[in-house]
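The residues making up each chain are set out below.
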There are 2 protein chains.
Amino acid sequence: MSADCVLCQEPGGRLVFSCPQFRLIHASEPGLEAFYRIIWNAHVPEWSDLPEAQRWLCMQAVAVVEQAMRDVLAPRKINIASLGNHVPHLHWHVIARFDWDGYFPAPVWAQPHTAPEQLPQDKVAHVRSLRTALEAQMLAQLTLLAEAAATSQPQH
Amino acid sequence: MSADCVLCQEPGGRLVFSCPQFRLIHASEPGLEAFYRIIWNAHVPEWSDLPEAQRWLCMQAVAVVEQAMRDVLAPRKINIASLGNHVPHLHWHVIARFDWDGYFPAPVWAQPHTAPEQLPQDKVAHVRSLRTALEAQMLAQLTLLAEAAATSQPQH
């Protein structure tokens, strides 16, 4: 825990799943309907600060989120990133990208070319309508992953 | 192999290391002296296209690059990303970030606030002077990783 770290003090978004090691939140990012973050609960700045078993657990959680996005949303591309320049507390952005989103094909950290209110609203609504199914799959798979992590010995 | 894919046709940068599954290249990105990419050799768009053992091998390679950067360069932060919106062939950006670089604290896909020629040239030169040591560590560790991958059964 770090008293100065927002991700030690707050969930960091709408909480979708939580277990002792990590949590999944939905980020409220205008114009990006399927933007989630796997946040490691302990305050470590870098992914390589984790021992190997935890590093892999973290990436298995990222893979669950990516796979659920692909299964439910069929996005054009998945973007994954661990940056943390502003908030050096390990978190992985997992973002479903669509060729109609306001940044595509640029990364979401570039300047948007289309404002959220100018996006095709039927497509935005469609992604939103799939959110319950998307998060149900994430929740089910992350629950299995967390249970396995709680009961098994580290494999690495 | 995809005939339309630049990463199927070309190394994608200055080759530092290569093994059957992946390669490491140094990217020539102005103002970012320690920008490397782990490129999966087979043409798969998404990280989750890989079976679990290969997915982990890929991330172990990313971890080697990250750890070498931390050991040799002592950067302010490591940034890792798999995007591929322009080139949907799996590759991981691994970037050592410094508080004096032209983008910090923004991601490197934002607009730079400082042009490469305006950066502190002594600091740029210092990072460049460490490149041989940095790549020697990457090469040694990736060689071990590739040897282990070649001789062991998949663990996942």
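Look a little higher up for the structure.
Residues numbered from 1 in each chain as written. Chains lettered and ligands numbered in written order. Predicted model: local features only at pLDDT ≥ 70, side-chain atom pairs only at ≥ 80, totals over all residues. Heavy atoms only, no water.

Looking at the pairing of strand 5 (residues 91-97) of chain B
Residues and elements named next belong to chain B. Put simply, the rule reads: Categorising residues by exposure relies on relative accessible area from a 1.4 Å probe, with only protein chains included: less than 20% of the type maximum marks a residue as buried, more than 50% marks it as exposed, and the intermediate range marks it as partly exposed. Working definition: helices are DSSP H or I runs of at least four residues, strands are E runs of at least two. Numbering for both runs from the N terminus. Strands qualify as paired when DSSP identifies two bridges or more between them.
By the criterion of burial, strand 5 is predominantly enclosed, with seven of the seven residues buried. Of the two faces of strand 5, the one carrying His 91, His 93, Ile 95 and Arg 97 and the one carrying Trp 92, Val 94 and Ala 96 are both buried. Relative to strand 5, strand 3 (residues 35-40) runs antiparallel, the two being bridged by five bridges. Bridged to Ile 38 within strand 5 is Trp 92. In this sheet, strand 5 lies alongside strand 4 (residues 77-82) in antiparallel orientation, the contact comprising five bridges. Its bridge partner lying in strand 5, Ile 78 is registered against Ala 96.

Overview of the layout of surface pockets
In this approach a probe as big as a water molecule rolls over the atoms, and the regions it shows empty are the leftover space. All names here are of chain A. What counts, and what does not: Both cavities and pockets are sets of points on a 1 Å grid over the protein atoms alone; in a cavity a 1.4 Å probe fits but cannot get out, in a pocket the set is open with protein on both sides within 12 Å along at least five of seven lines, and lining residues sit with an atom within 4 Å of a point. Grid points are joined across faces, edges and corners, and a volume is the space filled by probe spheres set on the points. Three categories are distinguished: nonpolar for Ala, Val, Leu, Ile, Met, Phe, Trp, Tyr, Cys and Pro, charged for Asp, Glu, Lys and Arg, and polar for the others, with Gly belonging to the last.
In this structure, the largest pocket spans a volume of roughly 530 Å³. Glu 29, Arg 37, His 86, His 93 and Trp 109 are the residues nearest the centre of the largest pocket, which is lined by 28 residues in total. Elements represented by at least two residues in the lining of the largest pocket include exactly helix 1 (6-9), strand 3 (35-40) and strand 5 (91-97). Top element by residues in the lining of the largest pocket is strand 3. It accounts for three residues. Residues of the lining of the largest pocket, tallied by class, amount to 17 nonpolar, nine polar and two charged.

Comments concerning the packing of aromatic side chains
Keep this limit in mind: Only Phe, Tyr and Trp rings are paired, with Trp represented by its six-membered ring, and only when their centres lie within 6.5 Å; those with planes under 30 degrees apart are stacked, over 60 edge-to-face, the remainder tilted. Counted as over-ring charges are cases with an Arg CZ or a Lys NZ within 6 Å of the ring centre that also lie within 35 degrees of the ring normal.
All chains considered together, the criterion is met by eleven aromatic pairs over all chains. Here the aromatic rings of Trp 56 of chain A and Trp 56 of chain B are separated by 4.5 Å at their centres, their planes lie at 40°, and the arrangement is tilted. Of this pair, Trp 56 of chain A sits in helix 2 (residues 52-73) while Trp 56 of chain B sits in helix 2 (residues 52-73), on two different chains. Grouping residues by exposure puts Trp 56 of chain A and Trp 56 of chain B together as buried. Where Trp 92 of chain A meets Trp 92 of chain B, the ring centres are 6.0 Å apart and the plane angle is 85°; that geometry is what we call edge-to-face. Taken together, the residues Trp 92 of chain A in strand 5 and Trp 92 of chain B in strand 5 connect one chain to another. Like Trp 92 of chain A, the residue Trp 92 of chain B is buried in the burial classification. Through pairs of rings, three or more aromatic residues link up here, namely Trp 47 and Trp 92 of chain A together with Trp 47 and Trp 92 of chain B. It is Arg 55 of chain A that lies over the ring of Trp 47 of chain A; its NZ or CZ is 5.4 Å from the centre.

Description of the environment of Pro 51 of chain A
Mapping Pro 51 of chain A onto the fold places it in the loop between strand 3 and helix 2. The partly exposed category is assigned to Pro 51 of chain A, whose relative accessible area is 47%.

Thoughts on the sheet that holds strand 5 of chain A
Operational definition: Axis definition: a line fit to C-alpha positions, over the contact stretch in the case of helices; interaxial angles, taken between N-to-C directions, run 0 to 180 degrees. A contact between two residues is defined here by any heavy atoms of the two lying within 4.5 Å.
What the ten strands build is an open sheet, ordered 1(A)-2(A)-3(A)-5(A)-4(A)-4(B)-5(B)-3(B)-2(B)-1(B); its pairing is antiparallel. The strands lining the two open edges of the sheet, one partner per strand, are strand 1 (14-18) of chain A together with strand 1 (14-18) of chain B. Along the sheet, successive strands turn relative to each other by an average axial angle of 20°, direction set aside. Strands strand 1, strand 2 (22-26) and strand 3 of chain A of the sheet are contacted by helix 4 (residues 131-151) of chain A, whose axis makes an angle of about 35° with strand 1 of chain A. Across the sheet, helix 4 (residues 131-151) of chain B lies against strand 1, strand 2 (22-26) and strand 3 of chain B, angled at about 35° from strand 1 of chain B, the strand it touches most.

With respect to unusual backbone geometry
All names here are of chain A. Phe 104 connects to Pro 105 through a cis peptide bond whose omega is 5°. Mapped onto the secondary structure, Pro 105 falls in the loop between strand 5 and helix 3 (121-129). Positioned with a positive phi, Ala 74 is a non-glycine residue whose angle comes to about 45°. Tracing the chain through its elements places Ala 74 in the loop between helix 2 and strand 4 (77-82).

Focus on the relation of the copies chain B and chain A
Note the following rule: Least squares is used to superpose the copies, and the fit set is the C-alpha atoms of residues whose pLDDT is at least 70 in both copies.
Once turned by 180° and shifted 0.0 Å along the axis, chain B lies on chain A with an RMSD of 0.0 Å. Here the two chains are linked by the operation of a two-fold rotation axis. Among all residues of chain B, the one whose C-alpha sits closest to the rotation axis is Ala 81 of chain B, at a distance of 2.0 Å.

Focus on the side chain of Arg 97 of chain A
Along the polypeptide, Arg 97 of chain A turns up in strand 5. You can call Arg 97 of chain A buried: its relative accessible area is 0%.

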